Amino acid sequence: MGMPEDVSDVSDGLPESTSRRSDSEVFGTDRKAFSGPLNKRGTRKGARFNVPDDAGSSIASGSLRSKNDDDEYVEVTLDVGDDSVAVHSVKTTGGADVEDPELALLAKGLGKRSTLGASVVRNASSKIRQVSEELRKMTTSFSRRTPVGRYDRSKSAATHALIGLKFISKTDGAAAWAALEKRFDDLTAGTNGLLPRALFGECIGMNKDSKDFAGELFDALSRRRNITGAAINKAQLKEFWDQIADQSFDSRLQTFFDMVDKDADGRISEEEVREIISLSASANKLSNIQTQADEYAALIMEELDPDNLGYIMIESLETLLLQSPTQTVRGESKNLSVMLSQKLRNVTDRNIIQRGYDGFKYFLQDNWQRVWVIALWIGAMAGLFTWKYIQYKNRAAFDVMGHCVCVAKGAAETLKLNMALILLPVCRNTITWLRNKTKLGVVVPFDDNLNFHKVIAVGIMIGVGLHAISHLACDFPRLLSATEEEYEPMVQYFGEQPDSYWHFVKEAEGYTGITMVVLMAIAFTLATPWLRRGRLNLPKPLKKLTGFNAFWYSHHLFIIVYTLLIVHGIKLYLTKEWYKKTTWMYLAVPILLYMGERLIRALRSSVKPVQILKVAVYPGNVLALHMSKPHGFKYKSGQYMFVNCKAVSPFEWHPFSITSAPGDDYLSVHIRTLGDWTRQLKTVFSQVCQPPANGKSGLLRADNQGDNPSFPKVLIDGPYGAPAQDYKKYDVVLLVGLGIGATPMISIVKDIVNNMKAKQEEDEALESGNNNAMPPMSPQSKKNSASNFKTTRAYFYWVTREQGSFDWFKGVMNEVAEIDHDGVIEMHNYCTSVYEEGDARSALITMLQSLNHAKNGVDVISGTRVKSHFAKPNWRSVYKRIALTHNGQRIGVFYCGAPAPVKELKQLAADFSHKTSTKFDFHKENF
């Protein structure tokens, strides 16, 4: 083994720019710069030495040359101070650390030749000292630079950073490689065992949206290994995988740095930053960031390259990644958190009886309102069925038709009750009045009105089945087959004994019954979620039978059904006295009530016309309508109203949450295009809109044109009660909106903001002594005054998968951030299209977000002052933090959106309520 006689010649022979700007130099004939060791700090330098197999190798031009072509390298890392140089570590080609550099060189030489002996040991130290002297000369340029702040990895920041920069979601050792190997074999079956670059992402488990990102990762890993082709074999894939799956933060940081550093010069230029921003934005579906890549690249360079050198180094990225998290749990709160986690663990050591008892007890605690209502309903049906069954068992018809007639008549009595009850849950004005003006909401679950409507519909299906089958398959065949003697008592009811089945079908009882069954079957079928939401993939001609329109029109067949039901109840075979024909008695009050509701809608919408004040079309197919507020239109935040547009359909009314606050002088709704009617509504309003002026949000807008005759005419009806309107009952509320489900929550947030403003005005008036000048408030105004506003803290979580969605309520979020100095409203925006924090695909987005928010106070994702989070929330952590902050209080949880998260949110509310002193009342509203 040999060392250069004068290593300083190597450094002197390098270009001046290289010796001034490179953190580490390569000593050898090629004189190429390389990116250096992964863990260098400040002025630590690295150098590579060519150690030939033959100790007697000749040395020429300051380089080391082995007799064969397979040169091997040793990487030496030195700590260079102002007046001292110390050897930090030695790494072999494989990256293994060796504490003693002399032993490292000895081991390298003895790997192939044992004849080198002690001469290597004697020479190694002197040669390293020569290198140290030369490297110390290079530190002059670095000493002029402001050192980048270094973060101690032993502190909490390390925990935050070391989970970052994940290139893959799972790295479960051999199992992960086995799955990847199988995918490799499948993908390379027709390519002679070579994996092309285009399939690399699919092979390592990245989704299709990350195809470009995976391609850049492939290129970075290939550059590291001097692979020039666009395909790799399995052995090379294994090397790639080992580096990707490496859990060390340094390895991940180097891999990410290599991705950005496309020319492998150890530095990142502004152009390379711009490219990786565009790539990351594309992988995370952030179109706004993609269009502003130049601006954001300049921001990163300004922050990480304060000396305007035109590049940034790897330690700058590390500094940014190792910044501490903004929230930590310390001291007593940490102990409480541990205790809370222990309480929430599933206890399995208790016996099955105890667990069953606890489960039943918790079920009653959570559902006692529903339980007593359902129990009363089932009890009423059972009583009516039993009464009719016994009544007909004692009549002459029982001798001919047997138990079948008893079952048919018992089922018919329950049908009368259910056909009356099913109208009550959809009498929305009545329900709104009851929940607003009475205390019945304490014992009656008005929020479950539509669920009860569906349960009654199931009861009707069962009743129709029992009634129709008993008559058609049992009673009528028995009458046809009865002897003259057996049939004689039935003559007074059915006339002469019929000789065919057609006799019963052609009578009024027969055809009205069969027609009702057919119409109800159509309405029930089209009301199922699969057809109403268009989930079934039907042939194109049958597509018209799916969607909300089909559901809405088919449900109006009930007008014919109720007419036939009254006729069916009058033309009874076995009952002749009018006062025993009770069908109309059951139906009279509910039908009159429902007709009154529809009449009120028609009158109210025509008496209270509205004018369109502003229209905006936002990304994500959302139409925002701002309209004049009719005189006397009073509502609560969280309520909804029906909207009708004759230009789309003169008959259809659709419900939408009100997004304006009660204190606003206008009404607003945000309508997302989800079906035929909403799609057509967006189309007719888009025709009268124009692209917005500078500074205005939305894709299309039409402002201050309320008297414009080209606007389609809109009618409204409402307001109607909804679960979210009860938020004022709670001191602390957790508001969760999924996508367009944020609409009622936005109204609540605006209401809280308006009340904060009102309270500030009241306080200022009291302080200035102008309280006497204020006009006296009415009893209703006193009731709604800010001083009576109960809610003192609100947590708002908005989860959406599209960046453009944040434009819908950008003004509201900025207003909250500006006015809420006391931290009453805590807002959290989650963009699920962005990979979770820590994923390499979102790493640069995280850096950019931190820099832009710190400098400009604006979030790069939402475009507001509210900082966004990535991926989906950890709901358990959300509940846990609120439970720790508001120990012993009752929290109102309000959710609006798709049904998917309901189960988890509801279960967590129950778990925390049962096992902690903080109680969570869960309310939901699905669409």
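Note that the coordinates shown come from a computational prediction; the quantities given were computed from them, not determined experimentally. (Residues numbered from 1 in each chain as written. Predicted model: local features only at pLDDT ≥ 70, side-chain atom pairs only at ≥ 80, totals over all residues. Heavy atoms only, no water.)

Undergrad: Explain the overall build of the protein to me, using residue names and the numbers behind them.
TA: Of regular secondary structure, the protein possesses 35 helices and 22 strands. In the protein, the share of contacts with a sequence separation of at least 24, taken over all contacts with a separation of at least 6, comes to 71%. With an accessible surface of roughly 46200 Å², the protein has 55% of that area assigned to carbon and sulfur atoms. (Helix = DSSP H or I, 4+ residues; strand = E, 2+ residues; numbered from the N terminus. Contact = heavy atoms within 4.5 Å. Areas by Shrake-Rupley, 256 points an atom, 1.4 Å probe, with all protein chains shown as cover.)

Undergrad: Describe the state of the cysteines, with residues and values.
TA: Here is the idea: a disulfide is a covalent bond, and it sits between the sulfur atoms of two cysteines. Applying the stated criterion across every chain yields a total of one disulfide. What pairs with C404 in a disulfide is C474, and their sulfur atoms sit 1.8 Å apart. A torsion of 70° about the S-S bond marks the disulfide between C404 and C474 as right-handed. Here C404, found in helix 18 (residues 403–421), pairs with C474, found in helix 20 (residues 449–481); they are 70 residues apart in sequence, far enough to count as distant. (Disulfide = S-S within 2.5 Å.)

Undergrad: Break down the sheet that holds strand 19 (residues 825–831) for me, with residues and values.
TA: Picture the strands of a sheet paired through backbone hydrogen bonds; they go either parallel or antiparallel. Taken in spatial order, the six strands line up as 20-19-18-17-21-22 in an open sheet, and their pairing is parallel. Strands with a single pairing partner mark the edges of an open sheet, and in this sheet they are strand 20 (868–870) and strand 22 (919–926). Averaged over all pairs of adjacent strands, the angle between strand axes in this sheet comes to 20°, irrespective of strand direction. (Pairing = 2+ DSSP bridges. Axes fitted to C-alpha atoms, helices over the stretch in contact; angles between N-to-C directions.)

Undergrad: Give a description of the packing of helix 18 against helix 20 that names residues and reports values.
TA: Packed helices, taken two at a time, are described by their axes: the angle between them and the distance between them. Running from N to C, helix 18 and helix 20 cross one another at 150°; their axes reach a closest spacing of 8 Å. Between helix 18 and helix 20, the angle is such that the two are roughly antiparallel. Crossing of helix 18 against helix 20: the hand is left-handed. From helix 18, C404, V405, V407, A408, A411, A412, L415, N418, M419 and L421 reach across to helix 20, where they touch I456, G459, I460, G463, V464, L466, H467, S470, H471, C474 and D475. Along the lines of polarity and charge, the residues of the contact of helix 18 with helix 20 split into 14 nonpolar, six polar and one charged. (Parallel < 35°, antiparallel > 145°, perpendicular 65-115°, else oblique. Left-handed = near helix turned anticlockwise from the far one by under 90°. Nonpolar A, V, L, I, M, F, W, Y, C, P; charged D, E, K, R; others polar.)

Undergrad: I'd like to hear about the pattern of salt bridges, residue by residue, with values.
TA: Summed over the entire model, instances satisfying the criterion amount to 23 salt bridges. The residue R435 makes a salt bridge to D447 at a minimum N-O spacing of 2.7 Å. Here the residue R435 occupies a position in helix 19 (residues 428–437), and D447 occupies one in the loop between helix 19 and helix 20, the gap between them amounting to 12 residues. A residue is classified by how much of its surface remains accessible, and R435, at 14% relative accessible area, is buried. Classification of D447 by relative accessible area gives partly exposed; the value is 28%. (Salt bridge = Lys/Arg side-chain N within 4 Å of Asp/Glu carboxyl O. Buried < 20%, exposed > 50% of the residue type's maximum accessible area, 1.4 Å probe, protein only.)

Undergrad: Tell me what's going on with a nonpolar patch on the surface, and back it up with residues and numbers.
TA: On the surface, W368, W372, L376, L440, V442 and V443 cluster together to form a nonpolar patch covering roughly 560 Å² of accessible area. Following the sequence through the fold, V442 ends up in the loop between helix 19 and helix 20. Take V442: its relative accessible area is 56%, and that puts it in the exposed class. (Patch = residues over 30% accessible without salt bridge, like charges linked within 9 Å, V, L, I, M, F, W, Y side chains within 5 Å.)

Undergrad: Before we move on, can you summarise the packing of aromatic side chains with the specific residues and values?
TA: The full count for this structure, using the stated rule, is 29 aromatic pairs. With centroids separated by 6.0 Å and ring planes inclined at 85°, the aromatic side chains of F200 and F240 adopt a geometry described as edge-to-face. Remark: F240 occurs in helix 9 (residues 234–244) and F200 occurs in helix 7 (residues 200–204); sequence separation between them is 40 residues. The same class applies to F200 as to F240, namely buried. An angle of 55° between the planes, with centres 5.0 Å apart, marks the rings of Y879 and F920 as tilted. Here Y879, found in helix 34 (residues 875–885), pairs with F920, found in strand 22; they are 41 residues apart in sequence, far enough to count as distant. One aromatic cluster is present, built from ring pairs that chain together F476, F494, Y501, F504 and Y573. Here the guanidinium or amino end of R532 rests over the ring plane of F551, the centre of that ring lying 5.5 Å away. (Phe/Tyr/Trp six-rings, centres within 6.5 Å; stacked < 30°, edge-to-face > 60°. Lys NZ or Arg CZ within 6 Å of the ring centre and 35° of its normal.)

Undergrad: Now, about the nonpolar core: what can you tell me, with residues and values included?
TA: Counting 91 residues, the largest nonpolar core has F200, I289 and I825 as the members making the most contacts within it. Once you skip the residues sitting within four places of it in the chain, F200 turns out to touch L195, A214, L217, F218, L221, I232, L237, F240 and I244. If you look at the next biggest cluster of nonpolar residues, it comprises 28 residues, including L623, M641, C645 and I671. (Core = buried A, V, L, I, M, F, W, Y, C linked by side-chain atoms within 4.5 Å.)

Undergrad: Tell me what's going on with the side chain of S222, and back it up with residues and numbers.
TA: Tracing the sequence through the fold places S222 in helix 8 (residues 211–224). We classify S222 as buried; its relative accessible area is 4%. Within the local environment of S222, its side chain forms a polar contact with the backbone oxygen of F218, the two atoms lying 2.8 Å apart. (Polar contact = N/O pair within 3.5 Å; in protein donor to acceptor, adjacent residues only side chain to side chain.)

Undergrad: Help me get a handle on the side chain of D664, residues and values and all.
TA: The topology assignment puts D664 in the loop between strand 13 (654–657) and strand 14 (666–672). Those residues in contact with D664 that lie beyond four places of it in its chain are K629, K750 and N754.

Undergrad: Tell me about unusual backbone geometry, residues and numbers included.
TA: The peptide bond linking G718 to P719 adopts the cis configuration, its omega dihedral lying at 0°. Summarising the element assignment, P719 is placed in strand 16 (residues 714–720). Notably, N308 is not glycine yet its phi reads approximately 55°, a positive angle. Since its relative accessible area comes to 68%, N308 is described here as exposed.

Undergrad: Describe the sheet that holds strand 11 (residues 622–628), and please don't skip the residues or the numbers.
TA: Taken together, four strands build an open sheet; the order of strands is 14-11-10-15 and the sheet is antiparallel. Across the chains shown, the open sheet's two edge strands, defined by having one partner strand only, are strand 14 and strand 15 (700–703). Adjacent strand axes in the sheet meet at a mean angle of 10° when their direction is disregarded. Two strands pair when backbone bridges link them, and strand 11 and strand 14 are joined in this way by seven bridges, in the antiparallel orientation. In the sheet register, A624 faces strand 14, and the bridge partner there is H670.

Undergrad: Any chance you could break down the pairing of strand 12 (residues 640–645) for me, citing the residues and the numbers?
TA: The buried count for strand 12 comes to six of six residues, which makes it a mostly enclosed element. Where burial is concerned, the two faces of strand 12 agree: the one with Y640, F642 and N644 and the one with M641, V643 and C645 are both buried. Across four bridges, the pairing between strand 12 and strand 13 is antiparallel. Bridge pairing links V643 to H654 in strand 13.

Undergrad: So, the confidence of the model for the protein: which residues are in play, and what are the values?
TA: For any part of a model where pLDDT is low, the fine detail of the predicted coordinates should not be relied upon. Mean pLDDT over the protein works out to 75, with 73% of the residues at or above the 70 mark. The spread of mean pLDDT over the elements of the protein runs between strand 3 (residues 59–60), the lowest at 34, and helix 18, the highest at 93. Low pLDDT, under 50, characterises residues 101–122; the stretch is placed with 32 contacts to residues that sit more than four places away or in other chains. Across residues 777–784, where pLDDT falls below 50, the model places five contacts with residues more than four positions away in sequence or in other chains. (pLDDT = per-residue confidence, 0-100.)

Undergrad: Lay out the environment of T743 with the relevant residues and their values.
TA: Inspection of the secondary structure assignment puts T743 in helix 30 (residues 743–768). T743 sits in the buried class, given a relative accessible area of 5%. The spatial distance from the C-alpha of T743 to the C-alpha of F809 is 9.0 Å, given a sequence separation of 66 residues. If near-sequence neighbours (up to four positions away) are discounted, T743 is found in contact with S657, I658, T659, H670 and F809.

Undergrad: Pulling in residues and values, what's your account of the environment of I456?
TA: Mapping I456 onto the fold places it in helix 20. The exposure class of I456 is buried, given its relative accessible area of 0%. Considered as a pair, I456 and L423 are 33 residues apart in the sequence and their alpha carbons are 9.8 Å apart. Discounting chain neighbours no more than four positions away, the residues touching I456 are W377, N418, L421 and I422.

Undergrad: Let's hear about the packing of helix 8 against helix 9: which residues, and what values?
TA: For the pair helix 8 and helix 9, interaxial distance at closest approach is 11 Å and the crossing angle is 105°. Considered as vectors, helix 8 and helix 9 are oriented roughly perpendicular to each other. Residue-level inspection shows L217, F218, L221 and S222 of helix 8 in contact with helix 9, the latter providing F240, Q243 and I244. Across the contact of helix 8 with helix 9, the residue classes tally to five nonpolar, two polar and no charged.

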